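# What the coordinates show
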Amino acid sequence: MLKMALVMLISVLAALPVYFSPGEAISPVGVMTPGDGGNYTMDDLVTLAPDAVEKTGGYYLVKGNITVTFPDTLSLRPGDVLKFDSSAHLNVRGRLLALGEEGDEIYLMPFNPLLSWGGMYIYSPNPQYTSVLKHTVIIGGDVSIFCESSRLTVTDSEISDFQRSGVEGREGSNITLLGTQIHDGGYYGVYLEDSALQMEGSTITNTSTGIKTARASLELKRCTLERNRNTGAYLFTTTASMQDTRFTENPSYNLLLSRSEVELEGCFMNSSIYNIYSLYSELIARNSTLRDTLKDAVHSIGGSLLVDGLVVKGAAQSAFDLNATEFVVRLCTIENVGHPPSGYPFSAFYMTVSRGEVSYTTIRDVGFAYLEMVRSSVQCWISRMEGAGRFSFALDLNSSVIVVESETSGPLLFRDSKSRVTYSRMYNITAVDSDTGQRVENLTLDLFLPGGEVRSFFGPEGEIRQVTLNITVESISGTAHLGDARGVLSSPGYIPASLTLEEGSPREITVELFREHPPPSLVVWEPGEGEVVTGTLTLRGKYQGTYPARSVEIRFDGGEWIPLKWSGNGSFNLTYNLSAVIPGPHRLEVRAYDGSLYTGVAVINITVMVMPLDSDGDGLPDYREEELGTSPFNPDTDDDGLPDGIEVDTSDGVATDPTNPDTDGDFLLDGMEDINRNGRVDKGETDPLDPDTDGDGIPDGKDPSPLEPEKKRSNVDFILWTEVLLLAVLIVALLLVVIKRWRGR
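Not measured: the values here are computed from a predicted model.

Glancing now at the overall build of the protein chain. Scanning the protein chain for helices and strands turns up six helices and 63 strands. The C-alpha radius of gyration of the protein chain comes to 48 Å, more than 25% above the 27 Å expected for a compact globule of 745 residues. Buried positions account for 49% of the 745 residues belonging to the protein chain. Within the protein chain, residue pairs in contact and separated by at least 24 positions form 40% of the contacts whose partners lie at least 6 positions apart. Entry remark: accessible area of the protein chain is about 34,600 Å², with carbon and sulfur atoms responsible for 53%. Looking at the protein chain, you have 58 positive and 103 negative side-chain charges, and the mean spots of the two groups are 7 Å apart.

Once that is clear, we can look at the sheet that holds strand β54 (residues 497-501). Pairing is antiparallel in the open sheet, where four strands are placed in the order β50-β49-β53-β54. Looking at which strands have only one partner, the edges of the open sheet turn out to be β50 (454-459) and β54. Geometrically, the sheet is characterised by an average inter-axis angle of 25 degrees between neighbouring strands, direction not taken into account. Relative to β50, strand β49 (residues 443-448) runs antiparallel, the two sharing six bridges. Residue pairing for β50: Asp-446 is matched across the bridge by Ser-456.

Here Thr-333 shows up in strand β38 (residues 333-337). We classify Thr-333 as partly exposed; its relative accessible area is 24%. Sequence separation between Thr-333 and Ala-728 is 395 residues, and the spatial gap between their C-alpha atoms is 100 Å. Sequence-distant contacts of Thr-333, defined by excluding residues within four places in its chain, comprise Leu-310, Val-311, Val-312, Thr-362 and Arg-364.

Tallied over the entire structure, the rule returns 28 salt bridges. Between Arg-164 and Asp-142 there is a salt bridge, with its nearest N and O atoms 3.1 Å apart. You can see Arg-164 sitting in the loop between β16 (158-160) and β17 (165-170) and its partner Asp-142 sitting in the loop between β13 (136-139) and β14 (143-148), a full 22 residues away along the chain. The exposure class of Asp-142 is partly exposed, given its relative accessible area of 24%. One salt bridge connects Glu-627 with Arg-624, and the closest N-O pair in it is separated by 2.9 Å. Highlighted residues: Glu-627 and Arg-624, both in helix α3 (residues 622-628), separated by three residues, approximately one helical turn. Among the ionic contacts, a cluster of salt bridges with common partners joins Lys-313, Glu-335, Arg-364, Arg-384, Glu-386 and Glu-407.

This part takes up the state of the cysteines. Going through the model one piece at a time under the given rule, you end up with zero disulfides. No disulfide involves Cys-332; its nearest neighbouring cysteine sulfur is the one of Cys-380, lying 12 Å away. On the basis of relative accessible area, Cys-332 is assigned to the buried category, the value being 3%.

With five bridges joining them, strand β12 (residues 130-134) and strand β15 (residues 151-155) adopt parallel strand pairing. Along β15, the bridge assignment pairs Ser-131 with Leu-152. Taken together, the five bridges between β15 and strand β18 (residues 174-178) define a ladder with parallel strand orientation. Within β18, the residue paired with Arg-151 across the bridge is Asn-174.

Thresholds applied
Residues numbered from 1 in each chain as written. Predicted model: local features only at pLDDT ≥ 70, side-chain atom pairs only at ≥ 80, totals over all residues. Heavy atoms only, no water. Helix = DSSP H or I, 4+ residues; strand = E, 2+ residues; numbered from the N terminus. Rg over C-alpha atoms; globule rule 2.2 N^0.38 Å. Buried < 20%, exposed > 50% of the residue type's maximum accessible area, 1.4 Å probe, protein only. Contact = heavy atoms within 4.5 Å. Areas by Shrake-Rupley, 256 points an atom, 1.4 Å probe, with all protein chains shown as cover. Lys, Arg positive; Asp, Glu negative; His and termini not counted. Charge placed at Lys NZ, Arg CZ, Asp CG, Glu CD. Pairing = 2+ DSSP bridges. Axes fitted to C-alpha atoms, helices over the stretch in contact; angles between N-to-C directions. Salt bridge = Lys/Arg side-chain N within 4 Å of Asp/Glu carboxyl O. Disulfide = S-S within 2.5 Å.

Printed below as a string of structure tokens:
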């Protein structure tokens, strides 16, 4: 009720005239052209009525009204400056030609900058009399330019600081604005009533409403309406065409329509409570962009909506809020909508008593649902919808959605017992021979639909086209999820193949069919029955079949089958990491698949043990390293060349100290004695636990032949002669020092 009351109020207010035409201003002091069809200048007016117009200080001081009588022309020359008393007007019943030049503009302004002036009033019904303003600056005025039943062209000009309107057109006026700036005014930049406006390359800023029309015709090209205090454009019973026009930062509405017909092409709108608010209007929007809306990007009550190539990004509420509206939305992109700063999330489309079509459209990142409907119906054709916050579709009061060849995500929400969603998808299915790759003829597809219905299709030439799948989902309350359609594809002489048609299935499906053959076989050698397995499962066995295996699969305790990558015919050796398997006894099942048939299932009972943590991978668990005082993060704590795990391994009878680089103290590192680092004393190696491996009395580190005791004597003689030679050298050196000092005395 509140919304309908608002609609009625806006409609009534829009129908009322904002104010009455001022008509010709009457002033006791003024000047009128003679009415002889002449072309007059300001100097002529000074001559005609020096009391009304005075030239002083490089400008014309206009003390009273200037009236250009029909069929006369008033020509303002480049550089003319007219300053008007607060009560003075410029009345044009003939024609005004204000032809300034760039850098030498014509100025019309109040004499007192703190006051305004009466403005310009043009009433010239003769269609041959068009007033023209070029490079003209108009400052102030109650209405800067008021046209009644007249024709006006304003080019490369500026209109500002007016009290009510920058330009007004009434009673059949035809106004053209080219490259003109209108700014810093009161109510309207442009007001039209029963008139026409062509506006190109022009800008309207900082007024209450940029453009307000009633029963008018409007054409905008490459214009900008921005930072107006309320509304960019408000059109009532108006026919409008807008091309490449920007509406930005108009806080309440960028475009407000009431009972109008409007066409947008290549327009841009952003930063408003509503980018487009339409009341009982017909709107066509093509290739345009709507961004950063504080509420709805498009809000429509009544009327119709045709949107083609629209981009909507950043609507805090809905991209489209539609009430009693017929609509078509095609080739659009809708992103990041329905996420208000606080409060309940919104849907991309919210519609009440509406019907329409959404086709070839992408919707993503939505707060609540893609479509939220009350007593409405929609067809979604070949669209992509992803990232719904809670639901794909939310339906109430006998609403319906038909989803044709579209991708959606998220569950359904039904709020009544009569609403329904129908999914319609089409598939093309081809079957080929697994050996030859040629099509398999005489195909039969039996499709099992949710609810028990079975549909059959036949393809005599190896292809079944346009398999249409309609799934209707209904629910009394709560949510319901779309089920899958499962089918069996068969042909004489081939093993039937199963397939599933679901929302994510490709529309073009190729299935391999295998000729009838005996099932393959499988034998598992390892692990053995009752085997304890730690860390990694090793699976060894043999596969035999007409066709090579496509995979070997395992599962634990009846869970999900896990495929292991292997293909071939014959023996296999595979591994599987058991880190995700709970320690303890398990039932291991193994099978293989050749693309059409499975082997029998081999069952082995195993026990999975936990592999202790070994952070540095030295073969010594972390807890043992803590007990022994070694580092769990350094595989060779004493840097002797042997990993800690090998040093403490006693299985081969040799265990060195992992914290002492030379366990036997023979001046050889443990890693230098165990050359191959296997924890054993092999041929050609000294014993890291025996400082004198060959027992010749010389430590291994000083023995040139630590493994040859028969060379002990020669070794000793060598060592003695070496020591004697060193001693003789020292004695000779001391004698030389003594002799040198004795001679020095």
